[in-house]
Amino acid sequence: MLKYVGKRLLMMIPVLLGVTFIIFSMLYITPGDPARLVLGDSASPEAVEQYREEQGLNDPFLVQYGRYMKNLILHGDLGTSYSTKKPVIDLIKDCFPATVKLAFCSMLFALVLGIPIGIISAIKQYSIFDMCSMAFALLGISMPVFWLGLLLTLLFSVKLGWLPSSGFNTPLHLILPAVSLGAQSVAVITRMTRSSMLEVINMDYIKTARAKGLHEKTVIIRHALGNALIPIITSAGLQFGTLLGGAVLTESIFSIPGIGRLMVDSIKMRDFPTVQGGVLIIALAFSIVNLLVDLLYAFVDPRIKAQYK
Amino acid sequence: MDNEKKNLLEIRDLTVEYHTNGGVVHAVNGLNLEVAPKETLGFVGETGAGKTTTALSILNLLPHPQGKVISGSIKYNGEEILNKSNKDMTRIRGEKISMIFQDPMTSLNPVMTVGDQIAEGIRLHDHLSKADAHKKALEMLKTVGIRPERASDYPHQFSGGMKQRVVIAIALACNPELLIADEPTTALDVTIQAQMLELMKGLKDQYDTSMIMITHDLGIVAEICDKVAIMYAGNVVEYGDKVDIFTPEKPHHPYTVGLFDSIPDIYHEQEELKIIKGLTPDPTDLPSGCTFHPRCPYACEECSKQMPKHLEVEPGHTISCHRFDDTKEVK
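Residues numbered from 1 in each chain as written. Chains lettered and ligands numbered in written order. Predicted model: local features only at pLDDT ≥ 70, side-chain atom pairs only at ≥ 80, totals over all residues.

Chain B goes by Nickel import system ATP-binding protein NikD in an unreviewed UniProt entry, where it is assigned to Jingyaoa shaoxingensis. Regarding chain B, the relevant UniProt record gives this comment under Subcellular location (unreviewed entry): "Cell membrane". Taken from UniProt, the Subunit (unreviewed entry) comment for chain B reads in full: "The complex is composed of two ATP-binding proteins (NikD and NikE), two transmembrane proteins (NikB and NikC) and a solute-binding protein (NikA)." (UniProt positions renumbered as here; feature names shortened; annotations may be inferred.)

The name recorded for chain A in an unreviewed UniProt entry is Nickel import system permease protein NikB, from Jingyaoa shaoxingensis. Per UniProt, chain A has the following entry under Subunit (unreviewed entry): "The complex is composed of two ATP-binding proteins (NikD and NikE), two transmembrane proteins (NikB and NikC) and a solute-binding protein (NikA)." Quoted verbatim from the Sequence similarities (unreviewed entry) field of UniProt, the annotation for chain A is "Belongs to the binding-protein-dependent transport system permease family. OppBC subfamily."

See below:
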């Protein structure tokens, strides 16, 4: 098992190298001169040229990439933001916790709601409960986050005054953003749980469990859910990874200083080092979540565990 | 009635239907059957004859909501099973009546150790602590011929025959009075089949269990059954002692004759295997009268109009065929 984890961690290195290369090349060919943006329209061409020389922006692509990678690998340095002049790593450190917190709350909300609804829908297939929950799931997947966020704010903050509409100071502040961001995940997880349970529920070993005289609750939770978990974990992992990438719209609506907003602001400012650093961190987070999901498989299914040796 | 008390299981006029998108499937049609204590009943018929459906009805485990018992009664120890609540049924399933399913490959939960799967039922029915239940599970494994150390292994680490042993251990763990074995050897190869039959026979005698052996293998019936019920299109067409059924000179239902004729004869050269002409009827659209009449070489006009009654051609040997209406002699 440890060997497997080590192998997977090593495999992350080429992935992350690839990510840096792709994002570096994409930003390199992006139109717009960062020097001009930093110095403003009033700066003289000489000043701009001098800035470009200083920052090494006139060097060939591979030299620039090599310098970036050297700093990253040797010093863990993601560069300095063009716009704020602060180290990129500090900017990310400021933003990432908020995003993680939000992603975590949304995921919790999605799991707590999605799995039980999915199970009941599967047991009572084609019942009114099933129809309603599937209709809501469709709604949840189709409804844009910003629209739901605005509606929720309108109801709970403006009309009822129960919850704050923006900011990020107390747990109460997290409720509305987590719910509007998590709505889609609830829908995805509900549907995944339902279809996975439906598949398992007709298996022979469920009949065996029932023939043993087990109570229906035990049959469903211990025997059916235990076997239906893999697809649920997979989709939950993907959802969580996506949420960690920052939820630009949710973060904007609820004024949360997260990584999504940092990225959008940096892209607008042509703040290349910040964008590169942000993408790298998001890719890293995504890879780690993927690894954790794969490890979780082993705990859920002994057949997969046997392969990890 | 004295006779009723004697029987462990008594099924009367059982009719089961499946409601599907393709129409109503008439799986079991007015079936009568009884099993006495310590008796082994062979339940023989082609695929789709309704054998498994009958078995699932006994445990009240028909697929929900498609499968439905339309009428009839199933009495276990004189108590009606069909109107018992699901909660009451949990005290019968596994404890009084156990079932072994057809395919050992898929009958075990892949994410639970076999020890836990055996102990689970024991804990529930024998009200033992976790440790004691586990201890008994190890004993059960030993009884079916598996080293107890393997209790902490998962089903994927076992071969097909070993899995079926585990399934048998689960079924017998709580010492049930009736064991329903639904083609327990169909998915196994021939040598393992023989081992499994030996094992089941031995355990059945050891635990004094009654058994319903569902099969389409007449060899298995000859091996371990006392009584035989021949089933066709959801009904028992012939029922009797093993000796009655297996003696060709005695009167038989034409379907039984066809079944025995279709066994290849190894002593004489045969150009072609004998078959019963035609196919099992579509259960959504059963023929009128006797369901066997379109394939029956002796069919007459009456057969297509009226369902034959069960006639006792000799004590304990009943046949449902119009040929035996007037005279007990075979034409």
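> Even after reading the chapter, I still don't get the overall build of chain A, so can you show me in this structure?
Counting secondary structure elements, chain A contains 14 helices and 0 strands. For chain A, the sequential pattern of α-helices and β-strands runs α-α-α-α-α-α-α-α-α-α-α-α-α-α. Viewed in the frame of its principal axes, chain A has a C-alpha envelope of about 85 × 55 × 30 Å. Within chain A, residue pairs in contact and separated by at least 24 positions form 73% of the contacts whose partners lie at least 6 positions apart. (Helix = DSSP H or I, 4+ residues; strand = E, 2+ residues; numbered from the N terminus. Contact = placed C-beta atoms within 7 Å.)

> Quick question: what am I supposed to make of the overall build of chain B here?
In terms of regular secondary structure, chain B is built from 11 helices and 12 strands. Taken over the C-alpha atoms alone, chain B extends approximately 65 × 50 × 45 Å along its principal axes. Per-residue burial for chain B yields a buried fraction of 44% across its 331 residues. Considering only contacts within chain B whose residues lie at least 6 apart along the sequence, 64% involve residues at least 24 apart. (Buried ≥ 20, exposed ≤ 12 C-beta atoms within 10 Å, placed from the backbone.)

> I would appreciate a short explanation of the UniProt feature "transmembrane region" (unreviewed entry) in chain A in the present structure.
Residue and element names in this part refer to chain A. The UniProt entry lists residues 9-29, 100-123, 135-158, 170-189 and 279-300 under the feature "transmembrane region" (unreviewed entry), expressed in the numbering used here. Annotation note: span residues 135-158, helix share 92%, strand share 0%, distance between end C-alpha atoms 28 Å. Each end of residues 279-300 is marked by a C-alpha atom, and these two atoms are 31 Å apart; helix forms 100% of the span and strand 0%.

> Help me understand the domain arrangement of chain B, please; the structure alone is not making it clear to me.
Note: interface size is frequently given as the accessible area lost on complex formation between the parts. All names here are of chain B. Looking at chain B, the domain boundaries give domain 1 (2-96 + 176-324) and domain 2 (107-174). Each of domain 1 and domain 2 has a C-alpha centre, and the two are 29 Å apart. Counting from both sides, the interface comprises 14 residues of domain 1 and, opposite them, 12 residues of domain 2. Of the residues belonging to the side of domain 1 that touches domain 2, the class tally is 11 nonpolar, 2 polar and 1 charged. (Domains from an automatic or database assignment. Nonpolar A, V, L, I, M, F, W, Y, C, P; charged D, E, K, R; others polar.)

> Explain the sheet that holds strand β4 (residues 67-76) of chain B here, please?
As a general point, the strands of a sheet are linked pairwise by backbone hydrogen bonds and lie either parallel or antiparallel. The sheet built from 4 strands is open, its strands ordered β2-β1-β4-β5 (chain B) with antiparallel pairing. Both outer strands of the open sheet, β2 (23-35) and β5 (79-80) of chain B, are each paired with one neighbouring strand and no more. (Pairing = 2+ DSSP bridges.)

> How should I be thinking about the interface of chain B and chain A in this particular structure?
The interface of chain B with chain A comprises 25 residues on the first partner and 20 residues on the second. Where the side of chain B that touches chain A is concerned, the elements lending two or more residues are α3 (86-92), β6 (97-100), α4 (104-107) and α5 (114-126) of chain B. Sorting elements by how many residues they give to the side of chain B that touches chain A places α5(B) first, with 4 residues. Classifying every residue of the side of chain B that touches chain A by side-chain character gives 10 nonpolar, 10 polar and 5 charged.

> Teacher, can you tell me more about the domain arrangement of chain A here?
All names here are of chain A. Domain annotation of chain A identifies domain 1 (16-77) and domain 2 (92-307). Centre-to-centre, using C-alpha coordinates, domain 1 lies 37 Å away from domain 2. Of the residues lining the interface, 9 residues belong to domain 1; the matching set on domain 2 comes to 9 residues. Residue assignment for the side of domain 1 that touches domain 2 shows that the elements contributing at least two residues are α1 (2-28) and α2 (34-39). Looking at the side of domain 1 that touches domain 2, the element that brings in the most residues is α1, giving 6 residues. When grouped by side-chain class, the residues that make up the side of domain 1 that touches domain 2 number 7 nonpolar, 2 polar and no charged.

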